[in-house]
There are 2 protein chains.
Amino acid sequence: MNNYVYHNPGKIIFGRGCEQSIGEEIARYAKRCLIVLGGPFIKENGLYDRVAASLEEAGVAYFDLENIVPNPRLAQVYEGIELCRQHEIGFVLAIGGGSAIDTAKSVAAGVRAEGDIWDYFGTFTKFLTDALPCGVLLTLPATGSESSNCAVLTNEATGLKRSLFSDHIIPRFAALNPELSCSLPPYQTACGSADILAHLMEAYFTATDHVDLTDRLLEAAMQTVIHYAPLALRYPHDYDVRAELYQAANITNNGMLMAGRLGDWGSHNIEHEISGIYDIAHGAGLAVVFPAWMRYVWRRKPERFVQFARRVFRVDYAPGQEEWAVEAGIARLEAFYRELGLPTRLAEAGIDGSRIQEMADNAMIGVEAVGMSFPLQAEDVRRILELAR
Amino acid sequence: MNNYVYHNPGKIIFGRGCEQSIGEEIARYAKRCLIVLGGPFIKENGLYDRVAASLEEAGVAYFDLENIVPNPRLAQVYEGIELCRQHEIGFVLAIGGGSAIDTAKSVAAGVRAEGDIWDYFGTFTKFLTDALPCGVLLTLPATGSESSNCAVLTNEATGLKRSLFSDHIIPRFAALNPELSCSLPPYQTACGSADILAHLMEAYFTATDHVDLTDRLLEAAMQTVIHYAPLALRYPHDYDVRAELYQAANITNNGMLMAGRLGDWGSHNIEHEISGIYDIAHGAGLAVVFPAWMRYVWRRKPERFVQFARRVFRVDYAPGQEEWAVEAGIARLEAFYRELGLPTRLAEAGIDGSRIQEMADNAMIGVEAVGMSFPLQAEDVRRILELAR
């Protein structure tokens with residue numbers, strides 16, 4: 001186990017009706033807030049009005065940044081920063097999923113950053129020293145960004161998708177009402193669930209030894225997602241089913257399950273190259289990348305991939321059958337993705353192989369390797385993408 | 001799943017040498033601190049000197065409150081409060097296990113409380129509105145108090161052991177160096193491990209339905225304790241083994257594994273009556289109470305006790321054999337306690353049945369029932385203690 005510091009002061013407000021406390025929460029920090037809206041449905045289904053009523057009751061004025069797109073763009077962040085400066089806004093509230101949250105965090109950071117906020121993305125040389133406080137009302141459990149110290153943006157000028165890390169952008173509160181996900185389209189539920197599972201796998205596939213408690217916690221969360229994601233497709237309006245996915249997504253990236261271990265995140269980086277170019281849903285891209293990544297890297301630390309098969313997917317095997325067990329685990333993972341209606345190959349996502357080399361080269365821009373526990377070079381990434389065709 | 005608010009801003013500093021950062025951490029809050037010492041070994045083995053050096057380097061003056069006993073006493077808390085007032089102390093640091101921590105928290109609360117701090121214990125009518133900041137350097141992983149909002153004290157005048165709950169007493173930091181537990185006597189390691197497991201069971205045996213993620217997280221932590229506690233007895237100086245127990249103890253009471261569910265804590269209340277009178281180690285008392293408690297209450301929610309047997313202790317059974325499965329689970333729990341050298345009956349702890357009625361009556365003082373998910377009256381407690389003879 002590695003030495004670590006864990007510190008996540010974010011407040012979680014979980015359950016039906018929690019959106020009614022948002023005004024009170026924000027009033028602790030500021031009298032004017034920017035609302036970053038993840039999609040038009042938020043105004044159409046009455047959610048926006050309930051939040052607005054809560055803000056008005058608490059005496060908080062609000063301004064909107066609307067129509068944030070999946071794989072959120074830098075241009076909208078600049079727009080939000082400008083709005084904050086213009087209206088002297090002191091708090092940024094995201095309503096939506098990961099795209100709205102990451103836009104809100106980037107705006108909050110950008111208002112207080114020196115120079116261009118994009119310079120802080122994908123680099124480990126320039127660090128934030130401050131940010132506006134931000135908060136979240138979640139409508140799609142997926143990225144866990146509502147409790148993480150990370151934001152992911154696409155620079156539409158270059159097609160590069162990069163991450164920003166800073167404890168200053170951990171949301172001060174995350175309001176989690178599972179009811180809000182009951183009307184999600186099935187494909188979004190599926191992609192969100194694939195994203196939760198992928199984050200858990202990124203932490204699970206570590207080169208760090210002696211991390212058994214966090215292994216088991218991660219397995220617990222993975223089994224929950226694997227059990228409840230198909231149920232959410234079958235019973236979309238079941239609160240208890242949605243609540244499991246909300247809670248699982250939320251704990252995934254708050255740092256506790258990753259304490260003391262170095263995750264990998266190579267599959268995420270590779271997926272970012274796919275969705276940077278093709279605008280595929282992040283969760284669908286991960287369902288394509290992960291099986292191929294596992295097939296490519298498992299020999300670097302077989303026991304970890306065998307344990308995944310045995311403990312998460314209950315693959316049984318006799319001594320000497322470890323290679324078969326790893327492949328059986330990957331096959332069961334693919335079966336899970338297919339049960340959710342997700343692609344497991346690039347071709348199934350409508351992506352041909354013509355830009356594989358470009359994606360492999362892009363993945364290396366600004367980094368010495370792709371992935372932290374199992375570092376890859378461009379040629380490795382190319383081979384993984386070939387395996388995923 | 002119940003609605004909940006989770007908010008634990010405590011910072012965890014985990015790993016070898018973490019005690020060296022204590023001065024820097026405390027200097028954020030105050031220039032004078034009280035050190036609450038859990039036992040003479042802290043000064044004898046050089047730990048105190050390392051902390052003192054760190055405090056001096058950070059310019060923090062310090063005063064000692066020494067020789068805190070297991071099942072800590074109210075009188076020592078009064079003494080600590082007096083020291084704080086006399087020296088205008090702004091921070092309370094515990095070095096030790098649960099007794100030192102709970103004393104430190106009670107002192108921190110008492111300095112700022114209105115009137116007698118004991119009036120805040122065991123009542124749900126009087127609440128703290130403030131407390132001095134406190135922190136922890138842990139030497140015994142057991143209570144999880146280093147990250148909890150709870151302190152437990154014994155009033156030696158009445159023999160009553162009661163709890164104080166307040167978010168104001170969550171330690172601002174907990175420094176966790178597993179090396180510090182390598183020289184623990186085996187019996188303390190055993191009792192500490194039984195305490196960790198008991199806290200997980202108190203949360204696990206809930207009447208709340210639809211809490212599958214937290215069920216699985218609790219199972220993960222329970223399996224870790226069950227696996228590593230015997231290893232810690234066999235290989236006391238193995239850092240990796242000690243680290244698993246440190247981490248498991250720490251997450252147990254930070255609130256995350258209990259989010260959305262009502263625990264029970266009846267077994268703890270019953271054990272407090274035993275250790276209030278007999279001064280038995282808390283963990284040993286829990287090993288006596290829990291099997292008897294389970295045998296008494298399982299029929300109130302059989303599926304939960306069956307799931308415990310199946311998932312935690314891997315008891316297999318056919319439909320119709322659930323009662324057998326529950327008993328098999330309890331038997332395996334008792335076998336685990338015996339493997340640690342702990343008593344599972346009052347007689348094995350040297351306690352006869354002469355004061356059972358008194359303990360049962362004491363358990364009801366100031367409360368309407370013992371236990372929250374499976375509420376008990378005095379006669380139930382008496383029967384459980386009879387089962388435990």
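See the structure shown above.
**Regarding the interface of chain B and chain A**
Where the parts come together, the accessible area they lose is often given as the size of the interface.
No. 1: Across the contact, 39 residues belong to chain B and 39 residues belong to chain A.
No. 2: At the boundary of chain B with chain A, total buried surface from both sides reaches about 3500 Å², with 57% on carbon and sulfur atoms.
No. 3: Inspection of the region where chain B meets chain A yields zero salt bridges.
No. 4: At the junction of chain B with chain A, the criterion picks out 22 residue pairs in polar contact (both at pLDDT 80 or more).
No. 5: For the side of chain B that touches chain A, the secondary-structure elements that each account for two or more residues are β1 (4–6), β2 (11–14), α7 (212–234) and α8 (239–252) of chain B.
No. 6: When residues in the side of chain B that touches chain A are grouped by element, the largest group, 11 residues, is from α7 of chain B.
No. 7: Split into classes, the residues belonging to the side of chain B that touches chain A amount to 20 nonpolar, 12 polar and seven charged.
No. 8: As paired strands, strand β1 (residues 4–6) of chain A and β2 of chain B are joined by three bridges and run antiparallel to one another. Looking at β2 of chain B, one finds that Tyr 4 of chain A is bridged to Phe 14 of chain B.

**Structural notes on the sheet that holds β1 of chain B**
No. 1: Read across the open sheet, the seven strands follow the order β4(A)-β3(A)-β5(A)-β6(A)-β9(A)-β2(A)-β1(B); overall the sheet is mixed. Single-partner strands in this sheet number two, and they are β4 (61–65) of chain A together with β1 of chain B. On average, each strand axis in the sheet is inclined to that of its neighbour by 15°, with strand direction left out of account.
No. 2: Here four bridges tie strand β2 (residues 11–14) of chain A to strand β9 (residues 173–176) of chain A, and the two strands are oriented parallel to one another. What sits directly across from Lys 11 of chain A, in β9 of chain A, is Phe 173 of chain A.
No. 3: Packed onto the sheet, helix α5 (residues 98–112) of chain A meets β3 (32–37), β4, β5 (91–96) and β6 (134–138) of chain A and runs at close to 170° relative to β5 of chain A.

**Quick look at the relation of the copies chain B and chain A**
In summary, the two copies of the chain are related to each other by a rotation about an axis coupled with a shift along it.
No. 1: In screw terms, the move from chain B to chain A is a rotation of 180° and a rise of 0.0 Å along the axis, fitting with an RMSD of 0.0 Å. The relationship between the two copies is best expressed as a two-fold rotation axis. Among all C-alpha atoms of chain B, that of Pro 9 of chain B lies closest to the rotation axis, at 2.0 Å.

Quick notes on the rules
Residues numbered from 1 in each chain as written. Chains lettered and ligands numbered in written order. Predicted model: local features only at pLDDT ≥ 70, side-chain atom pairs only at ≥ 80, totals over all residues. Heavy atoms only, no water. Contact = heavy atoms within 4.5 Å. Buried area = accessible area lost by both parts, 1.4 Å probe. Salt bridge = Lys/Arg side-chain N within 4 Å of Asp/Glu carboxyl O. Polar contact = N/O pair within 3.5 Å; in protein donor to acceptor, adjacent residues only side chain to side chain. Helix = DSSP H or I, 4+ residues; strand = E, 2+ residues; numbered from the N terminus. Nonpolar A, V, L, I, M, F, W, Y, C, P; charged D, E, K, R; others polar. Pairing = 2+ DSSP bridges. Axes fitted to C-alpha atoms, helices over the stretch in contact; angles between N-to-C directions. Least-squares fit on C-alpha atoms with pLDDT ≥ 70 in both.

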